[in-house]
Structures are given as C-alpha cells and as structure tokens.
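Spelled out, the chains give:
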Amino acid sequence: NANVPPAASGKFSTGEDICREKQVVKLNILLMNNSNFRIPLLWIMLMVGLTIHTSMDLLPLFCGGSVVMENATGEVPAWMAILMSTFTYTVPFIGLLFSIYGKKRCDVIVGLAIACLMALFHILHMAELFMGAGMAQFFIMPLNAVIAVLLVIDLWNKQKSMKKGE
C-alpha cells in the first residue's frame, strides 16, 4: 500500500523516508527561526485569539444564558464598536501588512510600535479576569498577552539586526 506511511504499515522506514522526514524537520526549524515567517504568524495568532476571546463571551447563549450587559439599551455604544473593530481587526491587520510588505527598518519600527500598542492592550485587558470574566478567558487572555509580547520581542530583535537607513 503506497499511501500508508511506513510507521502505520508496521514496516521499517527506508533511507528515502528518513531523508524526507529529516528535510521536513529542517524546513520546520528554518521557518520557525525565520522572523519573516514567524512575525506574520504571530499577528495572525493574535487576530485568531481575539476572535476566540469574543466567541467565548457568547457561550452562555448556547446554554440558555444571557450575554446582555447591565443597563443595556439595545444599542451598541459607538466607542465600543470603534474599540472592538480597531483592536480586533484594524490594528493587527495593519501590523500584518507592515510585516509582510515592509522591507525597510522604518517599516519594522512602525510594526513594532503597533505591536507595543497591542501588547499593552492585551496586558491591560487581562484586568477583566479580575472583574468576573468566565473561566475560559483564564486560558485565552493570558495566552494572547504572551503572543503579543513575543511579537514585540521578535520585532525588536529584527529592527536591531537591520542597519540604520535600511
């Protein structure tokens, strides 16, 4: 059976299989050591984390609960809509664009400033954990903050490694 991997078929790996596996491992190591790959990935992870964070707030709806805030009028306050759209999509997406298309050191510095803003947002947003956030948020919010801090570190190191004027 040509489609069954050697380990699943109970057969020993051939030299070709081992060589292929080593190449895959080398490629994975190369990609994860490459900040041009890792930085956009961290931006995407932040956006996914924010989406999951928002989705977790809606879980009570599936159990017959309510997600309505106290004194809610049915209208979303403009400040909340602006804040949500800015920090869950616009800011990270701009950072992602700078990390993909920016080639100069000044582009990396702009991305770093945006990442610092996101890290600060995530760290401050964790205060919600002490104001009655659901248990699921105890896993999501700190992880988002860690991802944001790793992004800042990667961008800081990248801008340091680039020569001034690049």
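Look a little higher up for the structure.
On a predicted model such as this, the values are computed, not experimentally measured, just so you know.

Remarks on the overall build of the chain
And step 1. Check the secondary structure of the chain and you find six helices and zero strands.
And step 2. Along its sequence from the N terminus, the chain presents helices and strands in the succession α-α-α-α-α-α.
And step 3. Within the chain, the proportion of its 166 residues that are buried is 28%.
And step 4. Long-range contacts, defined here as pairs at least 24 residues apart, represent 74% of the contacts in the chain between residues at least 6 apart.
And step 5. Carbon and sulfur atoms form 70% of the exposed surface of the chain, whose accessible area is close to 11500 Å².

Some points on the nonpolar core
And step 1. Residues Trp43, Leu46, Ala115, Met118, Leu151 and Leu155 are the most contacted members of the largest nonpolar core, which totals 22 residues.
And step 2. Of all the secondary-structure elements, those providing two or more residues to this core are helix H3 (35-57), helix H4 (78-101), helix H5 (105-125) and helix H6 (137-161).
And step 3. Not counting chain neighbours up to four residues away, the residues in contact with Met118 comprise Trp43, Leu46, Leu50, Phe87, Val91, Pro92 and Ala148.

Thoughts on the packing of aromatic side chains
And step 1. According to the stated counting rule, one finds two aromatic pairs in the structure shown.
And step 2. Judged by centre distance (4.4 Å) and plane angle (10°), the ring pair of Phe87 and Phe121 falls under stacked. Separated by 34 residues along the polypeptide, Phe87 in helix H4 and Phe121 in helix H5 bring together distant segments of the chain.
And step 3. On the basis of relative accessibility, which here comes to 13%, the residue Phe87 falls in the buried class.

Let's talk about empty space enclosed by the protein
And step 1. All told, the structure shown has two cavities of 30 Å³ or more when counted by the stated rule.
And step 2. Roughly 70 Å³ of internal volume is contained in the largest cavity.
And step 3. Taken together, Ile39, Trp43, Gly95, Phe98, Ser99, Gly102, Asp107, Val108, Gly111, Leu155 and Lys158 form the lining of the largest cavity.
And step 4. Those elements that place two or more of their residues in the lining of the largest cavity are H3, H4, H5 and H6.
And step 5. A per-class count over the lining of the largest cavity returns five nonpolar, four polar and two charged.
And step 6. Counted as a void, the second largest cavity has a volume near 30 Å³.
And step 7. Contributing elements (two or more residues each) for the lining of the second largest cavity: H5 and H6.
And step 8. Of the residues that constitute the lining of the second largest cavity, the class distribution is two nonpolar, four polar and no charged.

Structural notes on the environment of Leu59
And step 1. Topologically, Leu59 is positioned in the loop between H3 and H4.
And step 2. Using a relative accessible area of 39% as the deciding quantity, one classes Leu59 as partly exposed.
And step 3. Once the C-alpha coordinates of Leu59 and Ala136 are considered, the two residues, 77 residues apart in sequence, prove to be 9.7 Å apart.

What to know about the environment of Met118
And step 1. Along the chain, the position of Met118 falls in helix H5.
And step 2. Linking Met118 and Trp43, residues 75 residues apart in sequence, is a C-alpha distance of 10.0 Å.

Thresholds, definitions, all that
- Residues numbered from 1 in each chain as written.
- Predicted model: local features only at pLDDT ≥ 70, side-chain atom pairs only at ≥ 80, totals over all residues.
- Heavy atoms only, no water.
- Helix = DSSP H or I, 4+ residues; strand = E, 2+ residues; numbered from the N terminus.
- Buried < 20%, exposed > 50% of the residue type's maximum accessible area, 1.4 Å probe, protein only.
- Contact = heavy atoms within 4.5 Å.
- Areas by Shrake-Rupley, 256 points an atom, 1.4 Å probe, with all protein chains shown as cover.
- Core = buried A, V, L, I, M, F, W, Y, C linked by side-chain atoms within 4.5 Å.
- Phe/Tyr/Trp six-rings, centres within 6.5 Å; stacked < 30°, edge-to-face > 60°.
- 1 Å grid on protein atoms, 1.4 Å probe; cavity = no way out; pocket = protein on both sides within 12 Å on 5 of 7 lines; lining within 4 Å.
- Points joined across faces, edges and corners; volume = space filled by probe spheres on them.
- Nonpolar A, V, L, I, M, F, W, Y, C, P; charged D, E, K, R; others polar.

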